[in-house]
Every structure is written in C-alpha cells, then in structure tokens.
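One-letter residues, chain by chain:
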Amino acid sequence: MATEERVAKKLRMEKTEIPSLIQQDPLVAEGAEVLVEMVKEEDKEEEEEEERYTEEEKAAGEQLLKAVADGNLDQAKAAVAASADIMYRDELGRTPLHIAAEHGHLEIITWLFSERHPWNVIDYSDITAGELALQNKHDAVYEALLNEGCRAELILRAISAVLGDDDEPSTDYLQQKLHYDDDRLMDANNDAVMMGWEGPLMAEHAKMMCPQSSLSVLNVGFGLGLIDTELQKLKPQAHVIIEAHPDVYAHMLKLGWDKKEGVSILFGKWQETVPWIEHKFDAIFFDTYGEFYDDLRKFHSTIPNMLSPNGIYSWFNGLGATNQFFHDVYCRISELDLRELGLSTEYVEMATPTADERGVWDGVRQRHVPFLFVSRSFILFILNRISSYLYAYTLVYRYWVLDTYRLPICRFLTE
Ligand SMILES: C[S@@+](CC[C@H](N)C(=O)[O-])C[C@H]1O[C@@H](n2cnc3c(N)ncnc32)[C@H](O)[C@@H]1O
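This is a predicted model, so every value here is computed, not measured.

Brief notes about the overall build of the protein
A tally of helices and strands in the protein yields 19 helices and 10 strands. Taken over 415 residues, the protein has a buried fraction of 52%. Relative to all contacts within the protein whose residues are 6 or more apart in sequence, the contacts with residues 24 or more apart total 71%. On the protein, roughly 19,400 Å² of surface is accessible, and the fraction owed to carbon and sulfur atoms is 52%.

Things to note about the UniProt feature "repeat: ANK" (unreviewed entry) in the protein
Under the present numbering, the feature "repeat: ANK" (unreviewed entry) in UniProt falls on residues 92–124. Each end of residues 92–124 is marked by a C-alpha atom, and these two atoms are 6 Å apart; helix forms 52% of the span and strand 0%.

Digging into the side chain of Asp228
The residue Asp228 is located in helix 12 (residues 226–233) in this model. The side chain of Asp228 is buried and forms no salt bridge, while Lys260, the nearest opposite charge, is found at 10 Å. With residues up to four places along the chain from it excluded, the contact list for Asp228 reads Asn219, Phe222, His239, Ile241 and Trp257.

Section: the site of the ligand
Taken together, 26 residues surround the ligand, and among them Tyr173, Gly223, Ile227, Glu243 and Asp287 come closest. Contact between the ligand and Tyr173: an oxygen atom at 2.6 Å from a side-chain N or O atom of the residue. For the ligand, whose free accessible area comes to 610 Å², the fraction covered by protein is 99%. Counting only elements with at least two residues in the shell around the ligand, the list comes to strand 3 (192–195), helix 12 and helix 14 (270–273). Tallied by class, residues from the shell around the ligand come to 14 nonpolar, 7 polar and 5 charged.

Regarding helix 17 (residues 324–340)
When the terminal C-alpha atoms of helix 17 are compared, their 25 Å separation across 17 residues agrees well with the 24 Å that a helix rising 1.5 Å per residue should span. Among the residues of helix 17, Phe325, Phe326, His327, Asp328, Val329, Tyr330, Cys331, Ile333, Ser334, Asp337 and Leu338 are the ones counted as buried. Its side-chain oxygen placed 2.8 Å from the backbone nitrogen of Phe325, Asn323 serves as the N-cap of helix 17. Among the residues trailing helix 17, Gly342 stands out with phi positive, at a value near 90 degrees.

Quick notes on the environment of Glu62
Tracing the backbone through its elements, the reader meets Glu62 in helix 4 (residues 55–70). Here Glu62 falls in the partly exposed class, since its relative accessible area comes to 44%. Sequence separation between Glu62 and Tyr88 is 26 residues; the distance between their C-alpha atoms is 7.9 Å. In this structure the side chain of Glu62 is engaged in a polar contact, spanning 3.0 Å, whose partner is the side chain of Tyr88.

Thoughts on the nonpolar core
Of all hydrophobic cores here, the largest spans 58 residues; its most connected members are Leu145, Ile284, Phe299, Met306, Tyr313 and Trp315. If we skip the residues at most four places from it in the chain, Tyr313 touches Ile284, Phe286, Leu296, Phe299, His300, Ile303, Leu307, Leu338, Pro408, Ile409 and Cys410. With 31 residues, the next largest nonpolar core counts Met202, Leu215, Ile227 and Ile265 among its residues.

Here we look at the packing of helix 5 (residues 73–81) against helix 7 (residues 106–114)
Two elements in contact, helix 5 and helix 7, have axes separated by 10 Å at closest approach and are oriented at 25 degrees. Taken together, the axes of helix 5 and helix 7 are roughly parallel relative to one another. Crossing angle aside, the handedness with which helix 5 passes helix 7 is right-handed. In this structure, helix 5 uses Leu73, Ala76, Lys77 and Val80 to contact helix 7, whose residues at the interface are Glu107, Ile108 and Trp111.

Conventions we followed
Residues numbered from 1 in each chain as written. Predicted model: local features only at pLDDT ≥ 70, side-chain atom pairs only at ≥ 80, totals over all residues. Heavy atoms only, no water. Helix = DSSP H or I, 4+ residues; strand = E, 2+ residues; numbered from the N terminus. Buried < 20%, exposed > 50% of the residue type's maximum accessible area, 1.4 Å probe, protein only. Contact = heavy atoms within 4.5 Å. Areas by Shrake-Rupley, 256 points an atom, 1.4 Å probe, with all protein chains shown as cover. UniProt positions renumbered as here; feature names shortened; annotations may be inferred. Lys, Arg positive; Asp, Glu negative; His and termini not counted. Salt bridge = Lys/Arg side-chain N within 4 Å of Asp/Glu carboxyl O. Near = heavy atom within 4 Å. Polar contact = N/O pair within 3.5 Å; in protein donor to acceptor, adjacent residues only side chain to side chain. Nonpolar A, V, L, I, M, F, W, Y, C, P; charged D, E, K, R; others polar. Expected span 1.5 Å × (residues − 1). Core = buried A, V, L, I, M, F, W, Y, C linked by side-chain atoms within 4.5 Å. Axes fitted to C-alpha atoms, helices over the stretch in contact; angles between N-to-C directions. Parallel < 35°, antiparallel > 145°, perpendicular 65-115°, else oblique. Left-handed = near helix turned anticlockwise from the far one by under 90°.

Structure below.
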C-alpha cells in the first residue's frame, strides 16, 4: 500500500482530506510528518520481514493464513510444521490471531496462544484481534482474548517483580511550569493535564460516591477542582484534598480552597502523605497525572486502611482507553487487583462526550486527531517491543476513543 494511503488509514480519513487539514495548522502538518516517517519505518520493517522469509516460508505463511480463515486447525498446524511463521502477516498486517478472531474460530485461537502468539499484536491500522472479535460479535472468542491478555500481563508483572524492574514514578511532571487557561490545565509542553469537558464525568463520580451529605471524603489530585467543586455541593463534613504540584497548590490557595469549611489540603505527593493518614473516609477518589498503572495499583493497596466499612472508592478510569480491547483487559486486571485487596468493583457505564462536545481541544497540542493517532501509534509501536500496554497509561490516558465510560465503584467485599 502507498505511504499516503497508509497515513490516511492511520488517520481514519480519506487521502484527499489530508492536504487541506495540513494547510489549516502547522501543528497538524508536524503531526502528519511524524506519521509519514513512522509509516516509512514500518514499510522498511515490512520489507525486511519479507526478505526474512524464503519462498518456501512465504508459501507456508500464506497456507497458514488460509487454514486459519477456513477454521482448519489440522492444516494450520501442518503449515507451521512446514515452516510458517506463527505471526505471518497479510497485506493489512493482520496475523493469524486477527484472522481467527474475525472469523470466530475459538479452537484456533487457543492453539495460537499455545504456540506463543502474542495477544496484543496490532495490524498496520492499529487494529487488534479483540476489536475484530467484538465487531463480528464473537463473544466466546472475545472472552478468550481478554483472559489471555490478563494472563500475559500478570505474568509480565510477576517477571518484572522478580527482576526488580519496579520503576519509581517520574518527577518530571511535578517540576514543570503549569498554566491555567479558561477551563484547562496545561503543562509546559501545552499538553492538557485536565480539561473542562471531563466535568460531567467528575460530577457523576461525586454523585456515585456521596449519596448523602455530611460524609467524610478524600480526593487525590485537584487539577481543575471539578470533582472537589461537585463534592462541596454535597456538603461533606470533612473534605481532604491531596495535591502535589506547587502551581496547582498556589491556584487552590488563590481560589480560597484552604478557607472552605471542612476542607483540609495536604500539599505533597500522595505517596508521601497517605502513609500519615489515620482517618477513615466514606468516599475516596483518585485522579493524578504523569503516573503509571503501577502507581494506581499501589494507591489501590492503601484503600483498605483508609476506607470506612461501608465506604466507596473510585478512580478516573482511562486505562488503555485508546482501544476498547486494551481497555477491557485493564479494567479486568484492576478488578482482579482490587479483589485481592478485599474490594469488589462494579463498573457503571455512561456515555462519554462526543468529539464535538470535546471542542475544547482548541488551543492545546492534542486538539487534533492526527496527534491523537501519532501518540497512540507511537505507544503501540513501543508496546510491541515490551509486550505490555500498561506502561502507556500516563501518556495516553486523556485521549480515549471509547464511547462508553466505565465508572468504577469499589466497596469492601461482604462474604
Ligand atoms: C487530572 S488532574 C485531576 C483532575 C481532577 N479530578 C478534577 O476534577 O479537576 C491530576 C492532578 O493530580 C496532581 N498530581 C499528580 N501527581 C500527583 C501525586 N503523586 N500526588 C498528588 N497529586 C498529584 C496533578 O498536579 C493534578 O492537579
């Protein structure tokens, strides 16, 4: 496929639409250039891959793809025995897993995993096998893909723990100069830390966590103060806010949050302030920036000490939200992590604002779709190498493509 066509596909638009889009804005042009370079790089890799195969291996690869599409396991096994690469790709970059998922061949999926086919491989348009199973309504296949995704991620985590590969959260974000602009909070690169369009999500979180007044609440991460404003409307008896960034803290003081009745601000990172908290809260919310899934998991582990017996814990759920399949895997992993801590998780579904309603992209770097896909593809490109998506949590967690937001409600397990 020609480079232009591949770029258009990645942007999910027609080839003819791109020139006018590029003319509109130098930032979009910059984004498109990055994409072109990425596609060229992919082309080079593809060529190298082609050259890697002998004629015999290519024939076996084609035989494998056909057998998988036909749902013929014996022939698929024979193709592998005859030297087919288990991850042989067709012209769309789809591997046997994509094809088996698209056609709903569960037995073949199980066999592919036993042959160590990775669960999270993407095609040249960033499509996962999970998305193809979902689109074609192959529920049992989707379930098998989800299970494998969770299994693989948990194994990877266990290996990282043994290797002592437990990264400290980066302090880069906390050292950057932030600025507030209308209803947005942006970092030094003009990347949005928080945007006003998330207001309805925050209002829903507050409502779900605080069904009545006079409760005792904890919020980690002030940002625009959207959730704190909503919590205030519910008249909490005690309202603790943990915030680590000096510019956000200064903004809070300027707005007089330190003088509001019942409000206490703990200035510092939650990692340093939470261990000192002895109070039990009826509602706890977590939404930070510049942190990884592992940090969220560490925060989960502090909940049993801080939540009152009938309390509710919730967190901003942007896990893997650039892709429905990845999102579902991470929601399930989080549920498993919380269960181990004695907490149940219920995901309450609500519609997310549409792209038009999110018109607030104006004035920030990520406002245009090309950037969205540039960062997404870049992350997936890295992912293919480390075979984990969880590390991408921070970088992408504001740019979700999901129509439905899954709001987590966590409580102590009763049995
Ligand atoms: C996405 S914003 C929170 C938005 C907030 N939920 C709202 O409704 O406006 C994330 C906030 O977490 C803060 N933050 C980032 N890392 C933190 C940490 N380790 N401890 C405490 N706050 C942190 C950021 O400075 C930022 O104010």
